[in-house]
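Inside the fold
Here are the chains, one letter per residue:
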There are 2 protein chains.
Amino acid sequence: MSTKQQEKSQQTMQELMDSAIQLFGSKGFASTSVAEITDNAGYAKGSFYRHWNSKDELFLQIIERKFRQYRAARHEKIRKARNLEEAMNIIWDFLETILADRNWPSILLEFTVYSATNEPLRKFMNKSDYRLSNQVFADLVREHMETDFPPEKVGALNTAIFEGYLIHRALGTQVLSLADVRQNAIALALMNGTKQG
Amino acid sequence: MSTKQQEKSQQTMQELMDSAIQLFGSKGFASTSVAEITDNAGYAKGSFYRHWNSKDELFLQIIERKFRQYRAARHEKIRKARNLEEAMNIIWDFLETILADRNWPSILLEFTVYSATNEPLRKFMNKSDYRLSNQVFADLVREHMETDFPPEKVGALNTAIFEGYLIHRALGTQVLSLADVRQNAIALALMNGTKQG
DNA sequence: GTCAAAAAGTGACCGCCGGTCACGATTAGC
DNA sequence: GCTAATCGTGACCGGCGGTCACTTTTTGAC
């Protein structure tokens, strides 16, 4: 059992994180200040830094939690893929759980691109807890590939199409629907992974 | 002929813009401050705001200039496309001139995503002077489409793949080569625009 | 119950940012 | 030669992420 102090600390962290999730979700990462997060939760600014070393660090923790949620939602309806098309559909069911999360796809995109300008942050982001994992995608399709096209590239191309679509969405361009993108991403994977494409 | 004052003003603008292009190009948009731009050019900070209303405004002007350069480079080797594949190759020759411009692709990506969080800026960015134009891409492929798949979607999908690849690159992921992406983007367009894909 | 050590919470403070503006210095045109 | 317009200046503003000496609360050994 933990002490009263540890419990209080845990609760404060939770309150600050909830406040942050709410504010980031409505205003984005860069536009939300640490003072806003603490004010909104009823604490002083200094308290924030008792629990995290930077705004980035809190955001990474939130991303980690988000991805755990997405994965949990996916696991509920997971099934064994019997062929490449089914594997791609499992991947896209997962991607659609992300897209369904209000404007978090945009926020994730914002932070992803921001992280590219910061070396240590970039390295963190390349871990699968914080990113769409090309590796996980590759593992899902690997055993169903009929050609010698590398499964890693199937995963990475799929991620590229998905994130390109996030930009398309974020800018309010309305030429592509989610269905368009999903269909084309799957078709491309099948073209690369099926014989006589 | 312009007055001595106008000439001086023009020259100052040019010097500040050159300084900015250099700094943005090496440090990115957000990490370059207005004071750095003016110091580097030998002016005081206040001078900057005689010529532009904001850092964003200068950047938009630089983008405009960059895109004019890219288009000029493309025009030199332009040729009439005789089929869809040639049209797509013309588009990718153009995209490769952008990719060849040091780390400007990343900077453009940074600013594009940043602009999504700012309504007036987002509207500006959606003009073809500041963005990869899905419309121009669509026009290039339109007359060669053999199916009823909308050419606008061919253009938008191509942009999505390209910008997804920019993220891939910016994060230092090295799974995909430029050749991979180009090949797949063209193949996808042919699949959508050719009979019996 | 007492009391010193440890941890949680605080807010003034730091350097830096984008942006402003009253002020001299320079130029324009009558 | 003189006034008005323009250019260039740098102190200044509010707000940012982050720090730190300080107070308040909790802990656990006695």
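Position numbers for residues count from 1 along each chain, tracking the sequence in the order it is written. Each chain is given a letter, starting from A, and each ligand a number, starting from 1, according to the order in which they appear as written. Owing to the predicted nature of the model, reporting of local features is limited to residues with pLDDT of at least 70; listing and counting of side-chain atom pairs is limited to 80 or more, with chain, interface and lining totals taken over all residues. With hydrogens and water stripped out, all remaining heavy atoms of the structure feed into the side-chain values.

Points about the packing of aromatic side chains
So the rule is basically this: Pairing of aromatic rings covers Phe, Tyr and Trp, the last through its six-membered ring, and needs centres within 6.5 Å; plane angles under 30 degrees mean stacked, over 60 mean edge-to-face, and all others mean tilted. Partly exposed residues are those whose accessible area sits between 20% and 50% of the maximum for their type, while under 20% is buried and over 50% is exposed, using a 1.4 Å probe and protein chains only. Labels follow the DSSP assignment, with helices taken as runs of H or I lasting at least four residues and strands as runs of E lasting at least two, numbered in each case from the N terminus. Placement of a positive charge over a ring is assigned whenever Lys NZ or Arg CZ falls within 6 Å of the ring centre and within 35 degrees of the normal to the ring plane.
The full count for this structure, using the stated rule, is 26 aromatic pairs over all chains. Ring plane angle 40° and centroid distance 5.5 Å describe the contact between Phe-24 of chain B and Phe-29 of chain B, whose orientation is recorded as tilted. Neither Phe-24 of chain B nor Phe-29 of chain B differs from the other in exposure class; each is buried. Relative to Phe-59 of chain B, the ring of Phe-24 of chain B has its centre 5.1 Å away and its plane inclined at 70°; by these criteria the two rings are edge-to-face. In this pair, Phe-24 of chain B is assigned in helix H1 (residues 4-27) and Phe-59 of chain B in helix H4 (residues 55-76), connecting sequence segments 35 residues apart. With respect to burial, Phe-24 of chain B and Phe-59 of chain B carry one shared label: buried. In this structure an aromatic cluster arises from ring pairing among Phe-24, Phe-29, Phe-59, Trp-104, Phe-111 and Tyr-114 of chain A. In this arrangement the basic side chain of Arg-74 of chain B is found over the ring face of Phe-94 of chain B, its NZ or CZ atom lying 4.7 Å from the centre.

Observations regarding the packing of helix H5 (residues 84-99) of chain B against helix H10 (residues 178-193) of chain B
Describing two packed helices takes the angle between their axes plus the distance from one axis to the other. All names here are of chain B. For clarity, the cut-off: Whenever a helix is involved, its axis is fitted only over the stretch in contact; in every case the axis is a line through C-alpha atoms, and angles between N-to-C directions fall within 0 to 180 degrees. The scheme is simple: roughly parallel for angles under 35 degrees, roughly antiparallel for over 145, roughly perpendicular for 65 to 115, oblique for anything else. Crossing chirality is assigned from the near helix's rotation relative to the far helix, an anticlockwise turn below a right angle marking it left-handed and a clockwise turn marking it right-handed. Throughout, a residue-residue contact means that at least one pair of heavy atoms, one from each residue, lies within 4.5 Å. Amino acid classes used here: Ala, Val, Leu, Ile, Met, Phe, Trp, Tyr, Cys and Pro are nonpolar; Asp, Glu, Lys and Arg are charged; the rest, including Gly, are polar.
Running from amino to carboxyl end, H5 crosses H10 at an angle of 150°, the nearest separation of the two axes being 10 Å. Judged on the interaxial angle alone, H10 and H5 are roughly antiparallel. Classified by chirality, the crossing of H10 by H5 is right-handed. Contacts between H5 and H10 involve Leu-84, Glu-85, Met-88, Asn-89, Trp-92, Asp-93, Glu-96 and Leu-99 on the former and, on the latter, Leu-178, Val-181, Arg-182, Ala-185, Ile-186, Ala-189, Leu-190 and Gly-193. Here the contact of H5 with H10 is composed, by residue class, of 10 nonpolar, 2 polar and 4 charged.

Describing the pattern of salt bridges
Here is the rule we go by: What counts as a salt bridge is simple: a side-chain nitrogen of Lys or Arg found within 4 Å of a carboxyl oxygen of Asp or Glu.
Across all of its chains, the model carries 24 salt bridges over all chains by this definition. Across the pair Glu-152 of chain B and Arg-142 of chain B runs a salt bridge whose closest N-O atoms are separated by 2.7 Å. Placement of the pair is Glu-152 of chain B in helix H9 (residues 151-170) and Arg-142 of chain B in helix H8 (residues 134-142), with a sequence separation of 10 residues. Overall, Arg-142 of chain B belongs to the partly exposed group, its relative accessible area being 36%. Through salt bridges with shared partners, a single network forms among Asp-93, Glu-96 and Arg-182 of chain A.

Quick word on the packing of helix H10 (residues 178-193) of chain A against H10 of chain B
Packing of H10 of chain A against H10 of chain B brings their axes to within 10 Å, and their N-to-C directions diverge by 105°. Here H10 of chain B runs roughly perpendicular to H10 of chain A, going by the angle between their axes. Two secondary-structure elements touch here, H10 of chain A through Asn-184, Ala-187, Leu-188, Met-191 and Asn-192 of chain A and H10 of chain B through Asn-184, Ala-187, Leu-188, Met-191 and Asn-192 of chain B. Across the contact of H10 of chain A with H10 of chain B, the residue classes break down as 6 nonpolar, 4 polar and no charged.

Notes on H8 of chain B
Selection criterion: Directions drawn from the helix axis to the C-beta atoms are what define this arc.
Among all positions of H8 of chain B, only Asn-134, Phe-137, Ala-138 and Val-141 of chain B are buried. Across the axial projection of H8 of chain B, the buried residues extend over an arc of 100°, all falling on one side.

Some points on the interface of chain B and chain A
Which entries qualify depends on this criterion: In short, buried area is how much 1.4 Å probe accessible area vanishes from two parts on joining, totalled over both.
In this assembly, 35 residues from chain B lie in contact with 35 residues from chain A. Summed over both sides, the interface between chain B and chain A buries roughly 3,000 Å², with carbon and sulfur atoms accounting for 70% of that surface. On the surface where chain B and chain A come into contact, there are 2 salt bridges. Ionic pairing is found between Lys-153 of chain B and Asp-180 of chain A, a salt bridge with its closest N-O pair at 2.8 Å. When contributions to the side of chain B that touches chain A are tallied by element, the ones reaching two or more residues are helix H6 (104-115), H9 and H10 of chain B.

Observations regarding the protein's contact with DNA strand D
Stated formally: For each residue, the test is whether any non-hydrogen atom lies within 4 Å of the molecule or strand; if one does, the residue is near. For this analysis, a polar contact is any N or O atom pair within 3.5 Å, provided that within protein one partner can donate a hydrogen and the other can accept it, and provided that sequence-adjacent residues contribute only side-chain to side-chain pairs.
Looking at DNA strand D, there are 21 residues lining it, with Lys-4 and Lys-45 of chain A together with Thr-12, Gly-46 and Arg-50 of chain B nearest. The sugar-phosphate share of atoms of DNA strand D within 4 Å of the protein amounts to 58%. In the model, a phosphate oxygen of DNA strand D is placed 2.9 Å from a nitrogen or oxygen of the Val-34 of chain A main chain. At a separation of 2.8 Å, a phosphate oxygen of DNA strand D approaches a polar side-chain atom of Thr-12 of chain B.

Read these as spatial facts, not as claims about activity.
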